[in-house]
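Here's the letter readout for the chains.
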Amino acid sequence: MIWVGRLTGLFDLIIRAIEPLTFALGMPKQAAPIFLYGFFRRDYGAAGLFDLQQQGSLTGNQVVVAAIVLTLFLPCIAQLQMLIKERGAKTTWLIVLFIYG
C-alpha cells in the first residue's frame, strides 16, 4: 500500500492534508509523512521520528508528543490485520470503537 500510495501521488495529497494537523501539534512540516507511515507500520513511524530527532529537527517535547500521538491513534494497518486474525472482526471493531470513544 505504501508503494502504491507513493507511486500514484496519493500519499503526497494525504501528507499535504495532514500537515495542518502536525502544525497544530507543534511539529515541523517533516513530521506529516512520519504520521502517515506510522499509520501503516508503527516501526516506520518510530524510525522516522528517530531520524528527525537525530537531524535536530525535533525538540525533546516534540518527540514525546509525536510518540504519544503515534501510540494512541488507531492501531497501524499491520496491527489491525493481526487483531482481526487473532480476535476476529467483531472484537477488533469493538476495540477500534473503544479507542476512538
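All values derive from a computational prediction rather than experimental measurement.

Here's the deal with helix α2 (residues 10-24)
For α2, built from 15 residues, the straight-helix expectation of 21 Å at 1.5 Å per residue is met to within 8% by its first-to-last C-alpha distance of 22 Å. At I18, α2 shows its largest bend, some 35 degrees, and a proline, P20, comes one to four positions later. Contact partners of the buried residues in α2: α1 (2-8) and α3 (31-40). Of the residues one or two after α2, G26 is the one with positive phi, at around 85 degrees.

With respect to the environment of V69
With respect to the helices, strands and loops of the structure, V69 is situated in helix α5 (residues 60-72). For V69, a relative accessible area of 22% translates into the label partly exposed. Separated by 34 residues in the primary sequence, V69 and F35 have C-alpha atoms spaced 8.4 Å apart.

Some remarks on the pattern of salt bridges
Within this structure, the stated rule accounts for one salt bridge. Of the charged contacts, one joins R41 and D43 as a salt bridge, the two residues approaching to 2.9 Å between their closest N and O atoms. A relative accessible area of 35% places R41 in the partly exposed class.

What to know about the environment of Q54
Mapping Q54 onto the fold places it in helix α4 (residues 42-54). Between the alpha carbons of Q54 and A24 there is a distance of 22 Å; along the sequence they are 30 residues apart.

A closer look at the confidence of the model for the chain
A low pLDDT means the predicted coordinates there should not be read in detail. In this model, the chain carries a mean pLDDT of 87, and residues with pLDDT of at least 70 account for 97%. Ranking the helices and strands of the chain by mean pLDDT puts α2 first, with 93, and α1 last, with 84.

Section: the environment of I15
Mapping I15 onto the fold places it in helix α2. When the C-alpha positions of I15 and V69 are compared, they lie 16 Å apart, and in sequence the two are 54 residues distant. Setting aside its immediate chain neighbours within four residues, I15 contacts A32, P33 and L36.

Each value, and the rule that gives it
- All chains use their own residue numbering, which begins from 1 and follows the written sequence.
- For this predicted model, a pLDDT threshold of at least 70 governs which residues receive local features, and a threshold of 80 or more governs which side-chain atom pairs are given and counted, while totals over whole chains, interfaces and linings are taken from all residues.
- Excluding hydrogens and water, the side-chain figures rest on all heavy atoms present in the structure.
- Only DSSP runs of H or I reaching four residues or more are called helices, and only runs of E reaching two or more are called strands; each is numbered from the N terminus.
- Multiplying 1.5 Å by the residue count of a helix minus one yields the expected span of that helix.
- Each residue is assigned a bend, namely the angle between axes fitted to the seven residues that terminate at it and the seven residues that start at it.
- Contact between two residues is taken to exist if any of their heavy atoms lie within 4.5 Å; hydrogens are not considered.
- For every residue, the accessible area (1.4 Å probe, protein chains only) is compared with the maximum for its type, and the residue is labelled buried under 20%, exposed over 50%, or partly exposed between those bounds.
- Criterion for a salt bridge: a side-chain nitrogen of Lys or Arg within 4 Å of a carboxyl oxygen of Asp or Glu.
- For every residue, the pLDDT score states the predictor's confidence, bounded by 0 at the bottom and 100 at the top.

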